[in-house]
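Each chain, letter by letter, is given below.
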Amino acid sequence: MERYAADTGCHRSFCSDPHCPVRPVATGIEGRNQLRSNQPSREFEPSTGTAFWPFTRLRPVEGNPHRRKVLLLAVACCAYALAFGWPIYLAISRLAEPAAGGSAGASDLWRGMFFNGLAIVVALAVLATFRGAGAPLTAGRLTSCGLRPAFYAAGIWVVSQMLSAPISAIVDAVSEGHDFPASSIQADRGLQLAHWITWSIAAGVSEEIIANAAVIRTCELWNVPKWLMYVLAVVARLSFHAYYGIAVIEKVPWALLSAWAYRQGRLLWPLITIHVLHDALITVQVAADAPQLSTVLTLMNIALVVYVIVSLVARRRRTEQTGSTG
């Protein structure tokens, strides 16, 4: 129990969080009932942390009948087609005619907001369907014991984005570059802001729920090998970024680490939140001509990366202290 508490970063003698999985419980029937209520979900079981995930990991408890697995596979595939069919079409079209620039008008922005809203609705429907079928995509509640792994997961997401920079530089060095054709937007600034805000929300919600969590969870239900699971997660992420051309490989670390972070903590809301904030701060600062938002983004990223480093160092020290006292 002491080792379990050390792995979570929470000590049972000082934790008063009623939802903390390492909080001491009574014995007998009352103890078992209390333990069940403290666990994030009965569909997940806790396991000890690792060197790179210094918190409690959650593993799904299998047992879904074959009919439900077929249903969830069909739901995941249909949701992916609905949410990303149009973006994939646009990405392929742009890849086929890379020299074509263009100008987007108000009608294009309204069309984009429609598909943004559709992606959000579909993603939320997937979230509800998986939960109703006994295979929830997310676990736990927003408690003090859940904040630390949540910040850590968000930090891993930021680190994955940072890893794209050197890969992009290498691609630029060995290829002709991958600058996109210039385009302009002929629409009211308010409409542009609305478009980019809904685009940011749709990107965070739909990508993390459908292209990340639903893909991973469906693969687990069907006992897909781990290596193939990550390959499918990467393909699901990169398909609608095909307009990058060869430079799409810079997105591979992001897709891999996002899937890995989700599998460790089974927490969706930190991945969705950091994704939405990241995209919104980048797009809105351009649409609203607010360069100060770039400073906010930089400070946020630095804070999360520092938190990842501190968490890893603290985990190592706890492990060393446990080994020396043991």
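Scroll up to find the structure.
Residues numbered from 1 in each chain as written. Predicted model: local features only at pLDDT ≥ 70, side-chain atom pairs only at ≥ 80, totals over all residues. Heavy atoms only, no water.

Peer 1: Would you take a moment to explain the overall build of the protein for this structure?
Peer 2: Scanning the protein for helices and strands turns up 11 helices and four strands. In the protein, which comprises 326 residues, the share counted as buried stands at 44%. Long-range contacts, defined here as pairs at least 24 residues apart, represent 75% of the contacts in the protein between residues at least 6 apart. Split by element, the accessible area of the protein, about 16,700 Å² in all, is 65% carbon and sulfur. (Helix = DSSP H or I, 4+ residues; strand = E, 2+ residues; numbered from the N terminus. Buried < 20%, exposed > 50% of the residue type's maximum accessible area, 1.4 Å probe, protein only. Contact = heavy atoms within 4.5 Å. Areas by Shrake-Rupley, 256 points an atom, 1.4 Å probe, with all protein chains shown as cover.)

Peer 1: Help me out: how do you make sense of the nonpolar core in this one?
Peer 2: In a soluble, globular protein the nonpolar side chains are often hidden away together inside. Counting residues in hydrophobic clusters, the biggest one holds 60 residues, and the most contacted among them are Tyr80, Phe84, Val126, Phe130, Leu137, Ile209 and Ile210. Secondary-structure elements contributing two or more residues to this core are helix H3 (66-96), helix H4 (106-132), helix H5 (144-162), helix H7 (189-221), helix H8 (226-238), helix H9 (252-265), helix H10 (269-287) and helix H11 (292-325). Per-element accounting of this core gives the leading share, 11 residues, to H7. Filtering out sequence-adjacent residues up to four positions away, Leu137 remains in contact with Val126, Leu127, Phe130, Ile209, Ala213, Ala214, Arg217, Tyr262, Arg266 and Leu268. Core analysis: the second largest hydrophobic core is formed by seven residues, Val171, Val234, Leu238 and Ala247 among them. (Core = buried A, V, L, I, M, F, W, Y, C linked by side-chain atoms within 4.5 Å.)

Peer 1: I would appreciate a short explanation of the pattern of salt bridges in the present structure.
Peer 2: Side chains that carry opposite charge are capable of pairing whenever their charged atoms lie near each other. The full count for this structure, using the stated rule, is seven salt bridges. Here Arg316 and Glu320 are joined by a salt bridge, their closest N and O atoms 3.4 Å apart. With Arg316 and Glu320 both in helix H11 and four residues apart, this pair spans about one turn of that helix. In this structure Arg316 comes out as exposed when scored by relative accessible area, which is 59%. Overall, the relative accessible area of 47% leaves Glu320 in the partly exposed class. A single network of salt bridges, built from pairs that share partners, joins Arg217, Glu220, Arg263 and Arg266. (Salt bridge = Lys/Arg side-chain N within 4 Å of Asp/Glu carboxyl O.)

Peer 1: Please explain the packing of H7 against H10 as it appears in this structure.
Peer 2: For any two helices packed against each other, the geometry is given by the interaxial angle and the distance between the axes. Put simply, H7 and H10 touch, their axes get as near as 9 Å, and they point 155° apart. Classified by the interaxial angle, the pair formed by H7 and H10 is roughly antiparallel. Between H7 and H10 lies a crossing whose hand is right-handed. (Axes fitted to C-alpha atoms, helices over the stretch in contact; angles between N-to-C directions. Parallel < 35°, antiparallel > 145°, perpendicular 65-115°, else oblique. Left-handed = near helix turned anticlockwise from the far one by under 90°.)

Peer 1: How should I be thinking about the packing of aromatic side chains in this particular structure?
Peer 2: Two aromatic rings are characterised by how far apart their centres lie and by the angle between their planes. Taken as a whole and assessed by the stated rule, the structure comprises 13 aromatic pairs. Measuring from centroid to centroid gives 5.0 Å for Tyr80 and Phe84, while their planes differ by 55°, and the two rings are tilted. One end of the pair is Tyr80 and the other is Phe84, both in helix H3 and four residues apart, which spans about a single turn. Looking at Phe84, the relative accessible area reads 3%, which means it is buried. Taking the centre distance of 5.1 Å and the plane angle of 10° together, the rings of Trp86 and Phe115 count as stacked. Within this pair, whereas Trp86 is found in helix H3, its partner Phe115 is found in helix H4, the two being separated by 29 residues in sequence. Take Trp86: its relative accessible area is 31%, and that puts it in the partly exposed class. Through a chain of ring-to-ring contacts, three or more aromatic side chains come together here, namely Trp53, Phe55, Tyr152 and Trp260. The residue whose ring lies beneath Arg94 is Tyr243, and the NZ or CZ to ring-centre distance is 5.6 Å. (Phe/Tyr/Trp six-rings, centres within 6.5 Å; stacked < 30°, edge-to-face > 60°. Lys NZ or Arg CZ within 6 Å of the ring centre and 35° of its normal.)

Peer 1: Got a minute to help me understand the side chain of Arg217 in this structure?
Peer 2: On the secondary structure map, Arg217 appears in helix H7. A residue is classified by how much of its surface remains accessible, and Arg217, at 1% relative accessible area, is buried. Residue contacts for Arg217: discarding those within four places in its chain leaves Pro60, Glu62, Phe130, Ala135, Pro136, Leu137, Tyr262 and Arg266.

Peer 1: What should I look at first to understand H9 in this one?
Peer 2: Helical geometry: 3.6 residues make up each α-helical turn, so side chains three or four residues apart lie on a common side. Helix length check: H9 (14 residues) gives 20 Å between terminal C-alpha atoms against 20 Å at 1.5 Å per residue, within 8%. Most of H9 sits out of view: 10 of its 14 residues are buried. All buried positions along H9 are accounted for by Pro253, Trp254, Ala255, Ser258, Ala259, Ala261, Tyr262, Arg263, Gln264 and Gly265. Of the residues flanking the end of H9, it is Arg266, one or two places downstream, whose phi is positive at about 55°. (Expected span 1.5 Å × (residues − 1).)

Peer 1: What is the right way to read the state of the cysteines from this model?
Peer 2: One way to say it: the disulfide is the covalent bond shared by the sulfur atoms of two cysteines. Enumeration over the complete set of coordinates arrives at zero disulfides. Cys77 forms no disulfide, and the closest cysteine sulfur to it belongs to Cys78, at a distance of 6.9 Å. For Cys77, a relative accessible area of 48% gives the class partly exposed. (Disulfide = S-S within 2.5 Å.)

Peer 1: Would you mind going over the side chain of Asn212 with me for this structure?
Peer 2: Looking at the element boundaries, Asn212 is found in helix H7. Once you skip the residues sitting within four places of it in the chain, Asn212 turns out to touch Glu207, Arg237, Ser258, Ala259, Tyr262 and Leu271.

Peer 1: Quick question: what am I supposed to make of unusual backbone geometry here?
Peer 2: The phi torsion at Asn223 lies on the positive side, around 55°, for a residue other than glycine. Mapping Asn223 onto the fold places it in the loop between H7 and H8.

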